[in-house]
Amino acid sequence: MQARDIRARFLSFFAERGHTVVASSSLVPHDDPTLKFTNAGMNQFKGVFLGLERRDYVRAASCQKCMRVSGKHNDLEEVGKDARHHTFFEMLGNWSFGDYYKRDSIVWGWEFLTAVMGLDKSRLWVSVYKDDDESFAIWRDEVGLDPARIIRLGDLSKGDEENFWSMADTGPCGPCTEIHYDQGEQMKCDHPAGCFVGVCSCDRWLELWNHVFMEFDRQPGGALNPLPMKSVDTGLGFERLVAVLQGKQSNYETDIFTPMIRKMEEISGQKAEGEARISMQVVADHARACAFTVADGAIPSNQDRGYVVRRILRRAARHGHLLGVEEPFLWKVADVVIDEMGDAYPELRERRARVLDVIRKEEERFIRTLRSGLQVYGDIRDAMRAGGRATLTGAEAFKLHDTFGFPVDLTAVVAAEDGFTVDQAGFESCMEEQRAKSGSEAVYREGLGPWRPLEGRDLSGFRAVFTGYEAVTGDGRPVAVRPAGRDGQGNDLAHVLLDRTPFYAESGGQVGDTGWLELLPTGARVPVVGTLPSEEGPALVVALGADELADALAGTEVVRQHVDADARLATMRHHTATHLLHAALRRVLGDHVEQAGSVVDPHRLRFDFRHDQAVKPAELSTVERLVQERVLDNRPVIRHQDMAIDEAKKRGAMALFGEKYGDRVRVVEIHDGAQPVPGAAPDAGDLFSLELCGGTHCLATGDIGAFRITGEGSVSAGVRRIEAVAGDVALDLIRREHDELRRLSGLLRPDGGDYAAQVAALLAEQKQLRRELAGMRQDSARAGLEEALAAPASVAGLRMVCAMVAAADKDAFLKLADHARDRLGQGGVVVLGADLEGRPTVLVTVTGDLVDSGRLHAGNLVKSMAASVGGKGGGRPNLAQAGLPDAAALGRVLAGAAHAVAAHVDA
């Protein structure tokens, strides 16, 4: 049975039993900062299990794409070396949200594996939590399984959580039952306690399917309180199931991976045998991971998820290098992945061109990195062998990483091949030092405490009502407060939760609202400095400690809320302008343009998008004009508050990659052209922009006012950024530009023609004058050398010139040295000193015959001279230079030059 048939039969089996088949969520989770990648089928239902979301169904089934690239059982360096380790994998699952429970889950699971998939019942074993008598009885009495093949595991009282699953340290949890497949005696291990379910973790006892029964809410103290709604969450490993059904002992031998391995055989000209097979398995796995992550918007970079993708891609490229493949190849294997899996995951085919382009360009970058990095590593390796060292220092690993883009994990792999290790702790110390210098360490919301319910309020299942789409003021009742650390000035902060609020919480790139609260009946006024999202609703940030805030709210009957209306309006202008900008970019640059991030606040908009080259000035001008035309059209901004996600996608609504959307979504729609006739439908005319969006927007495009693009540049590989302003901010910019142009015109000739042409002519004239001046200075400096060149000193049988010269820049300095060396002829040494932009510098160059004979090394000489006065330098055998602490040090170096040369000749 082929893998695609197994996947389809699982989904149809549960669809026939009343389950809604739900599409896989993105690999890039947008609303869970604790998660780099989606790593389980239940991730998209987390809000349902926590009681924060509701769906239109109570039964669901899915095949979820997952990534696991860290942790005890997911060491990246082990992927490809054994039968089971993977980065990307698929998880089959079925869920019940307060509907069926243990009996149906267990009986259906057994039916699917034995009756539908045809697995041998005698090879199936199960484990249950030690106190889960209900599950044990179902397996024994209803399924008819021999009790000897039902193993009780785990004991919470002893800290053993085997067969007891928890979402986190607190929250939903419950017992689980796992179905294991016995692969036979030939696969058994030699575990000291015996090879058996729950004892060892070898491949004989292959865990296939875990059924989790969520019935408790674990409290901070460890108490297990019953949940109001019992749910089921199951996960069936797709790759493992396929391997069992196809009779393979390794996942890599199934038809999931063999097409990619065959492609690597074709590319490399080698057979998948021995070490070559391991490398091909690495490539097959990593090609899948790269294709899916890039399709879902995770682009290779040096940060966060992008760094994980880059590590995976470069590890695959490294294994291609080991197979003798010197040119980009992974994109070709990824193309096979798309062919094989595009039916199950249509987004792969839709984004094929971009996925392959991103992978190919990253491979090209890495090939350059590999060549330069391996050359530098070779120098380090030779020095280590000469010095008898076995460990690369953290500083050496950091140099390879920081200067040559060589990932530290790759350094470790290459070093291990030569029998060396890497000082990882030292490397991390260097990284920390760099972060401290650059200020690039990510800033998180620290100091956040738990909610403190007011007046005994129960927060379980609570969700505040947002009223900010219709109003910027409104009354609410206080529900809870919590400490929120301190601001940059050291002032205490706290969050307040209200039952209803017009304050918009930071989300989707839009900043949170600011404003103030009026506490009634006292009339006390509390400033709101921001609004952040929480699972319970918008958390209003106030500049008070939590205790002080709780005291202020004591006795408060109503909180009258006032959003800063001017700031909200300015933010709305920038947000609606962002939608117009996105649509305009797609029209001008192409449909491959996709949002990669945004910031929308009262002062500007910043829009990151996927595009592989700089936007040309003419293209940028066209984009700006298209946005301005839509503003002048003054078309209504249509907001669909509650649309089915399938309908929105059918209409072509743009979604942010990685954003998690429910079954019902909010959609913002804008049409093209001026309103055809007064009173016409707001959606008359061609569609210009249609996006899934929960932010606040203008009522009509004309409310945006002025719009100006202020900048365009690169963010990372394949991602560009545009910054722009709208409304009053844009008007202020236009006024400043007009005033500056007026001042500039006063400096130019009114009858001299185009102002830009006049400025260009002046700059060209200035450039020519500077060139002439530099030539005169160079001639003057050469003339100053003539006296020394006329009578070179004799040092240890060599002819030496030593002088202080005036040089405009480094290039002029080098030219003077070349001139002097050429004038000396054979057996010549030149030592020059100069002040280069305030930095005293010494330069040494020697003639070719001295280099060829090995009599004198300029790099060693200048290094010794600089070290004698506290400077640093070095260079090649024929040319080197060093920076010195001050002018006095330079004078001492030049004065001692003859002695230094004599000491190094033939040394």
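The rules we used
Residues numbered from 1 in each chain as written. Predicted model: local features only at pLDDT ≥ 70, side-chain atom pairs only at ≥ 80, totals over all residues. Heavy atoms only, no water. Helix = DSSP H or I, 4+ residues; strand = E, 2+ residues; numbered from the N terminus. Buried < 20%, exposed > 50% of the residue type's maximum accessible area, 1.4 Å probe, protein only. Areas by Shrake-Rupley, 256 points an atom, 1.4 Å probe, with all protein chains shown as cover. Lys, Arg positive; Asp, Glu negative; His and termini not counted. Charge placed at Lys NZ, Arg CZ, Asp CG, Glu CD. Phe/Tyr/Trp six-rings, centres within 6.5 Å; stacked < 30°, edge-to-face > 60°. Contact = heavy atoms within 4.5 Å. Pairing = 2+ DSSP bridges. Axes fitted to C-alpha atoms, helices over the stretch in contact; angles between N-to-C directions. 1 Å grid on protein atoms, 1.4 Å probe; cavity = no way out; pocket = protein on both sides within 12 Å on 5 of 7 lines; lining within 4 Å. Points joined across faces, edges and corners; volume = space filled by probe spheres on them. Nonpolar A, V, L, I, M, F, W, Y, C, P; charged D, E, K, R; others polar. pLDDT = per-residue confidence, 0-100. Salt bridge = Lys/Arg side-chain N within 4 Å of Asp/Glu carboxyl O. Core = buried A, V, L, I, M, F, W, Y, C linked by side-chain atoms within 4.5 Å. Expected span 1.5 Å × (residues − 1). Patch = residues over 30% accessible without salt bridge, like charges linked within 9 Å, V, L, I, M, F, W, Y side chains within 5 Å.

(A) Seen up close, the overall build of the chain. Scanning the chain for helices and strands turns up 25 helices and 34 strands. Taking the principal axes of its C-alpha atoms as reference, the chain extends roughly 110 × 80 × 55 Å. Every one of the 907 residues in the chain was classed for burial, and the buried ones make up 50%. Total accessible area on the chain is roughly 41,700 Å²; 49% of this is exposed by carbon and sulfur atoms. In the chain, 108 side chains carry a positive charge and 133 a negative one; their mean positions are 3 Å apart.

(B) A look at the packing of aromatic side chains. Applying the stated criterion to the full structure yields 25 aromatic pairs. Between the aromatic rings of W110 and W139, the centroid separation amounts to 5.9 Å while the plane-to-plane angle is 75°, which identifies the pairing as edge-to-face. In this pair, W110 is assigned in helix α3 (residues 102-116) and W139 in helix α4 (residues 133-143), connecting sequence segments 29 residues apart. On the basis of relative accessible area, W110 is assigned to the buried category, the value being 9%.

(C) Region of the structure containing helix α6 (residues 258-268). Along α6, the positions that sit buried rather than exposed are P259, M260, I261, M264 and S268. Buried residues in α6 make contact with α7 (274-295) and α9 (330-341). Just downstream of α6, G269 is the residue with a positive phi angle, here 75°.

(D) Spatial organisation of the sheet that holds strand β28 (residues 719-726). Pairing is antiparallel across the open sheet formed by four strands, whose spatial order is β22-β23-β28-β27. Of all the strands in the sheet, just β22 (595-600) and β27 (707-716) have a single pairing partner and so form its edges. Strand after strand, the sheet turns through a mean of 15° between neighbouring axes, direction not considered. Relative to β28, β27 runs antiparallel, the two sharing eight bridges. Bridging across to β28, E712 finds its partner in I722. Seen against the sheet, helix α17 (residues 617-633) touches β27 and β28 and runs at an angle of roughly 135° to β27. Along the sheet face, helix α19 (residues 727-747) touches β27 and β28 and points at about 85° away from the line of β28.

(E) Just empty space enclosed by the protein, in detail. For the structure on display, the rule yields three cavities of 30 Å³ or more. In this structure, the largest cavity spans a volume of roughly 70 Å³. Lining the largest cavity are ten residues, and of these R311, R314, R315, D409 and L410 sit closest to its centre. Every element with two or more residues in the lining of the largest cavity is listed here: α8 (304-322) and α13 (408-417). With five residues, α8 is the single largest residue contributor to the lining of the largest cavity. For the lining of the largest cavity, the residue count by class is three nonpolar, one polar and six charged.

(F) Focus on the environment of R315. As for its position among the elements, R315 is in helix α8. Look at R315 and you get buried, because its relative accessible area is 7%. Expressed as a C-alpha distance, the spacing of R315 and P407, which sit 92 residues apart in the sequence, is 9.7 Å.

(G) Quick peek at the confidence of the model for the chain. Summarising the model, the chain shows a mean pLDDT of 88, and 94% of its residues fall at 70 or more. Mean pLDDT in the chain bottoms out at helix α14 (residues 424-438), which sits at 76, and peaks at α3, which reaches 97. Note that residues 438-446 has pLDDT below 50 and, in this model, seven contacts with residues that lie over four places away or in other chains.

(H) View of the pattern of salt bridges. Tallying each qualifying case throughout the model produces 64 salt bridges. Here R587 and D672 are joined by a salt bridge, their closest N and O atoms 2.9 Å apart. You can see R587 sitting in helix α16 (residues 565-589) and its partner D672 sitting in the loop between β25 (664-671) and β26 (687-692), a full 85 residues away along the chain. Judged by relative accessible area, which is 14%, D672 ranks as buried. A salt bridge links R604 to E723; its shortest N-O distance comes to 3.4 Å.

(I) Just the pairing of strand β16 (residues 492-498), in detail. A large share of β16 lies buried, amounting to six of its seven residues. Sheet topology places strand β15 (residues 478-486) next to β16; six bridges connect them, and they run antiparallel. Bridging across to β16, P478 finds its partner in L498. Between β15 and β16, which pair antiparallel and follow one another directly, the connecting turn spans five residues, one of which, G490, has a positive phi of 85°. Bridge analysis of β16 against strand β20 (residues 539-542) gives three bridges, and the strand direction is antiparallel. Its bridge partner being in β20, A494 is matched across the sheet by V542.

(J) Seen up close, the nonpolar core. Judged by nonpolar contacts, the single largest core of 89 residues is most densely connected at F112, W139, W209 and L330. Considering every element that reaches this core, the biggest residue donor is α7, with eleven residues. Those residues in contact with L330, other than ones at most four positions away along the chain, are V283, A287, C290, L313, A316, I359 and E363. With 30 residues, the next largest nonpolar core counts A577, L589, F688 and I722 among its residues.

(K) View of helix α11 (residues 352-387). Along its 36 residues, α11 runs 50 Å from first to last C-alpha, staying within 8% of the 52 Å computed at 1.5 Å per residue. Within two residues after α11, G388 carries a phi angle of roughly 70°, on the positive side.

(L) Up close: a nonpolar patch on the surface. Judged by side-chain polarity, L741, L744, L747 and Y755 come together as a nonpolar surface patch covering roughly 390 Å² of accessible area. With three residues, α19 is the largest single contributor of residues to the nonpolar patch. With respect to the helices and strands, L741 occurs in helix α19.

(M) Fine view of the side chain of R318. Residue position: R318 is located in helix α8. By relative accessible area, which is 6% here, R318 ends up buried. With residues up to four places along the chain from it excluded, the contact list for R318 reads F366, L410, V414 and E417.

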